[in-house]
Structures are given as C-alpha cells and as structure tokens.
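Architecture at a glance
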Amino acid sequence: MWYVSTRGMAPRVDFEGALFSGYAPDGGLFMPEKLPQLNRETLRQWSALSYPSLVVELCALFIGPELIPRDDLNDLIHRAFRRFRHREVVRLSRLRDGLNVLELWHGATYAFKDLSLSCTAQFLQYFLQKRGKHVTVVVGTSGDTGSAAIESVRGAKNVSIIVLLPQGHCTKIQELQMTTVLAENVRVFGGECWDGLQGMEGNSDELDEPIKAVFADVAFVKKHNLMSLNSINWSRVLVQMAHHFFAYFQCMPSLDLHPLPAVEVVVPTGAAGNLAAGCIAQKMGLPIHLVAAVNCNDIIHRTVQRGDFSLSETVKPTLASAMDIQVPYNMERIFWLLSGSDSQMTRGLMEQFERTQSVSLPEELQSKLSAAVTSESVSDEAIMQTMARCWQENQSLLCPHTAVAVSYHYQQMLRQTPSPPRCCLAPASAAKFPEAVVAAGLSPETPMEILALEGKETRCTPMRKSDDWTVMLRDTIENMGRQWRATS
C-alpha cells in the first residue's frame, strides 16, 4: 500500500512514511494511492467482529505485513485499547424513537480522539523501537487533542511530547487532564494553571506562530525528529474509518437484502477527519449516507450546500467549542477523493484558498460532494434544546457536540422524512462540558476520575507576552532530546 499527496507533487511513501510526515512536502495530505474494494462476503465476515478486531482488519488493509506483521498488529491494537473503560471499547446506545448514539468516548480522556491516538502512538513506538530512534511531538491545542495525545504517549521511552494551550480556550477539566500529567516525557506550556500560577496571555492563533516557526526550520525539524499528531496525520483517519463500519454493522437491518441496505451516519464535524474517514469507507463499498452536522461555524455546510468553501469573518464561540473551526483541513482529502484523485485540481483549489480564503467548487465536484454528504448547521439554542430533550426522554446526558448530531435526528423526525436507520456519532462525554450541561438547564454528572483531577499536583510553564515563545519552544525541544540521549 502506497500513499500519495493530494497535491500530486511529492514522492509516494509507505505507511511508515505517512505516519511520521504529517503534511506531504508539497503541502498536501497523504491518501492511499488505491482503495481496496470490499464485497458482500467481506462485509458479512466483518459484521461479527468486535470494534478492536475491526480496527485490526482495516489497518491490515492499509499497512501491509511487510511493515507490521499481522500478529504484531493484533498486539498493538489490543494494547492501544486496554485502558478503555468499556469492555467493547465503543458502545451503541439505543434510545427512544430510533435514536442510535455511538459512544466513542470511553478512553482515558473521555473523548473520541483517544481511539485513534492510542493506536497511532502504538504504531509510532513500534517503528521507533525497531529503528532505535526518538521523536518529539509538538501539539497546539484548544481542548481534547492535547490531553488525548499526552495520554497516548505518557511514559513512552522513544517519544517526547510538548503541548501548548491558550488561556480561556479549554474547559477547566480539559486543562487539568493535561497539566496533571507529570511524566518525564511530557511538557505543557501556557494555560491558566489552576493552582494559582499565571498562565498564557493571548489566543490560539498567536499560539500557532511559534509552532509554525519551529517547523519552518527544516534542519532543526530533521535533527530532532519533530512531528505533529493532529488529524492531518493519516493514521488517525485510518482508525476513524472503523467508527463508520461499526456503526453500520450495529444499525443495519440485514446483510441478506439486495442491494445492501443503507445506514445514515451523522458526524459532528470540525476539522472533518471523521467525515473524510466516512467518505473513504463509502468509496470502499460501505453503504452509508453521511451527514455533516456543524455548529454555526458553517464552512462545511456552505460547501456541501452550494460549493462555497470560504472563511467567515470570524470564528463564533459556541457551546460545541471543539467544532469552532475556520479551516477544516481534511476537506482537502474529500475533494481529492471525490474528484477521482485529481491532484492538479485539488492543488489549484487549495492554493487559491490559501491565497484568498475563498473558493467556489467546480460544479461537478460540488455535485459529487452533495451526493456523498448531506449537511445541517445547528445553533446554540438548538444544542441546548436537544440536550434537554434527550435527558427528558432517555435520562441520557449528551455533550454539546453530540447534541449537534442528535439535533439533526430530531429535525428529521419533525419533517417526517423517510430515511434509513440512523446512527449519531458521540465524540465526547457530557462530563467534559459541565458548563454546557448547566446552560441546558441540567445537572452535570462528574465521574470520580475527573473529580480527582482537582486535588492533583499540576505542572505548567507559563508563557507571557514579553517571552520569546519560539526560543522557549526550541530550548525545550533541545533539552528533551538531550535527556533522551542521556538515558538511551
């Protein structure tokens, strides 16, 4: 299995190359050169599998036994999921009026990113141990990515991680999940440390600047084996494909029907990693209809509805804060996929978008996109109403991001639109968003594990306006590299 850039100007790489790269050298994103096609018999066999076994089957198709032998792959995936609280790793909750909610948040940080990052971290460590190498992961976060990335590599011998978080952009719980990890290979910068230390001043856009500056120094990146772990990384998209297969197998009526019955999968969408994973699963032969459910930051909704891929003037803060995104970078993967792997057109679109922040999709591409994906934009008021209704009818608390998806389900019921069985993806536990739960007029339910964070020691290095953030970041990378060399 080879991987090519969506922009067509970079050499192809194997899975290991894509895993360690992030962006391709030409600025594009890696995608499989060819997608395997799944027949009815394969789907029938997979339908009986557990979620971890499904991840193994998918990864085997896209990694290849010459890189990771099958027995090793099996061990890595099962090791990745051993800390999950639910024995099935993910759980389908069947609620009133045909509402199916696939809970993807039973990992260490109560968010769906634990699923893909725990696997990605196992792949990283597998190759690093084999090659006797070390990497430093640098992550800018405004919430769940930082804590899930930390949990996936805490204590790892061959991986150091540095997380930068901005003041006021994380919930208290999200921040404590990062600052209470005292492992030697973890450093957290910024944030308002809840033990009274001063935190970072500024916003998340300013926070990107030192990270961009460090990654722009090619020699420094190479010397210290720097990489990122956000959802541009192909490995994360690969694991997220399993959500769609599992949702389909849990909700489809029968595999004996001809043609195979469809299932509608509603995806709360920010950077579009889960949506890209669903589009790939579709192309492989999984009969799903995809719905991109967004908050009022609606660039994906506008793109699906009328081909308007353009930035709004500002990001609007919403209750579904992880989806407060201006640039859903995984849409580039979807454009490439639906255009028939047309890298020249994809490159033209994305370069124009980078120059002008505005692109109108070609009519043919927009037509293919709206055939593959439906979309809905959901207001904060609708989020609160949905959370309240779901509690009233099912005694089930939804996080605000899940409520964006479930709001679409309630809208479709109101419209009495005929539809196939529907599954809403639930990316996080309501326990992580007590402020939104209270805003919806409900009482938060906080697990003991999260309550215990309050009493733990924290470690967080403040960065102030007067500091040179790039120098601080470079110095930390160099120190952590020296520390690894001294102990290896």
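Once a new chain begins, its residue numbering starts again from 1 and follows that chain's sequence as written. Owing to the predicted nature of the model, reporting of local features is limited to residues with pLDDT of at least 70; listing and counting of side-chain atom pairs is limited to 80 or more, with chain, interface and lining totals taken over all residues. Heavy atoms throughout the structure, all of them, feed into the side-chain values; hydrogens and water do not.

**Details of the overall build of the chain**
In terms of helices and strands, the chain carries 20 helices and 14 strands. Referenced to the eigenvectors of the C-alpha coordinate spread, the extents of the chain come out at roughly 60 × 50 × 45 Å. When each of the 488 residues of the chain is scored for burial, the buried share is 57%. Only heavy atoms matter for contacts: two residues are in contact if any of them lie within 4.5 Å across the pair. Sequence-distant contacts in the chain: of pairs separated by 6 or more residues, those separated by 24 or more amount to 74%. Accessible surface area values rest on a Shrake-Rupley calculation with a 1.4 Å probe, where residue burial reflects the displayed protein chains alone. For the chain, the accessible area works out to roughly 19,700 Å², and carbon and sulfur atoms hold 48% of it. His is not counted here, nor are the chain ends, while Lys and Arg score as positive and Asp and Glu score as negative. A charged residue contributes its charge at one atom only: NZ of Lys, CZ of Arg, CG of Asp or CD of Glu. On the chain, the mean spot of the 45 positive side-chain charges and the mean spot of the 51 negative ones are 5 Å from each other. Working definition: helices are DSSP H or I runs of at least four residues, strands are E runs of at least two. Numbering for both runs from the N terminus. Think of it in three bands: residues with accessible area under 20% of the maximum for their type are buried, residues over 50% are exposed, and the middle band is partly exposed, with areas taken using a 1.4 Å probe on protein chains only.

**Brief notes about the sheet that holds strand E8 (residues 226–227)**
One bridge is not enough; two strands pair if DSSP finds at least two bridges between them. Overall, parallel pairing links the four strands, which are arranged E7-E6-E5-E8 in an open sheet. Of all strands in the sheet, those with a lone pairing partner are strand E7 (186–190) and E8, marking the two edges. Note: strand E5 (residues 135–140) against E8, two bridges, orientation parallel. Bridge pairing in E8 places threonine 136 opposite leucine 226.

**Points about unusual backbone geometry**
Generally, phi is negative for residues other than glycine and the peptide bonds are trans, each holding for most cases. For the bond from histidine 258 to proline 259, the omega torsion is -10 degrees, close enough to zero to count as cis. Along the chain, proline 259 turns up in the loop between helix H10 (234–251) and strand E9 (263–268). In this model, aspartate 97 sits at a positive phi of 60 degrees, which is unusual for a non-glycine residue. Within the element layout of this structure, aspartate 97 appears in the loop between strand E3 (91–95) and strand E4 (99–103). For aspartate 97, a relative accessible area of 40% translates into the label partly exposed. For glutamine 357, which is not glycine, the phi torsion reads 60 degrees and is therefore positive. For glutamine 357, the location among the structural elements is in the loop between helix H14 (343–356) and strand E12 (358–360).

**What about the packing of helix H13 (residues 331–338) against helix H15 (residues 363–372)?**
Helix axes use the C-alpha atoms of the stretch in contact, all axes being lines fitted to C-alpha atoms, and the angles between their N-to-C directions lie in the range 0 to 180 degrees. The N-to-C vectors of H13 and H15 enclose an angle of 105 degrees; their axes lie 10 Å apart at closest approach. With respect to each other, H13 and H15 are oriented roughly perpendicular. Side by side, H13 and H15 meet where Met331, Ile334, Phe335 and Leu338 of the first sit next to Leu365, Lys368, Leu369 and Ala372 of the second. Should an angle fall under 35 degrees it is taken as roughly parallel, and over 145 as roughly antiparallel, whereas 65 to 115 is taken as roughly perpendicular and any remaining angle as oblique.

**Focus: the environment of serine 21**
Among the structural elements, serine 21 can be located in helix H1 (residues 15–21). The spacing of serine 21 and asparagine 233 is 212 residues in sequence and 7.5 Å in space, taken between C-alpha atoms. Pairing of N or O atoms within 3.5 Å defines a polar contact, subject to two protein rules: one partner must be a possible hydrogen donor and the other a possible acceptor, and residues neighboring in sequence count only if both atoms are side-chain atoms. Engagement of the side chain of serine 21 in a polar contact is seen with the backbone oxygen of glycine 17, the distance being 2.4 Å.

**Examining the pairing of E9**
By the criterion of burial, E9 is predominantly enclosed, with six of the six residues buried. Here the term right-handed applies to a crossover when the path leading from its first strand over the helix to its second strand runs clockwise, the strands being oriented away from the viewer. In this view, the connection linking E9 to its parallel neighbour strand E10 (residues 288–294) by way of helix H11 (residues 273–283) has right-handed handedness. Of the pairings in the sheet, the one linking E9 to strand E14 (residues 422–426) comprises three bridges and is parallel in character. Along E14, the bridge assignment pairs valine 266 with cysteine 424.

**Section: the UniProt feature "modified residue: N6-(pyridoxal phosphate)lysine" (unreviewed entry) in the chain**
Per the UniProt record, "modified residue: N6-(pyridoxal phosphate)lysine" (unreviewed entry) is found at Lys113. One can find lysine 113 in helix H5 (residues 113–131). Leaving out residues up to four positions away in the same chain, lysine 113 has contacts with Asp144, Thr145, Ala148 and Arg236. UniProt positions are given in the numbering used here, feature names are shortened, and annotations may be inferred rather than shown by experiment.

**Some points on the side chain of histidine 409**
Inspection of the secondary structure assignment puts histidine 409 in helix H17 (residues 400–415). The exposure class of histidine 409 is buried, given its relative accessible area of 3%. Those residues within four positions of histidine 409 in sequence are excluded, and the remaining contacts are Asp97, Gly98, Leu99, Arg422 and Cys424.

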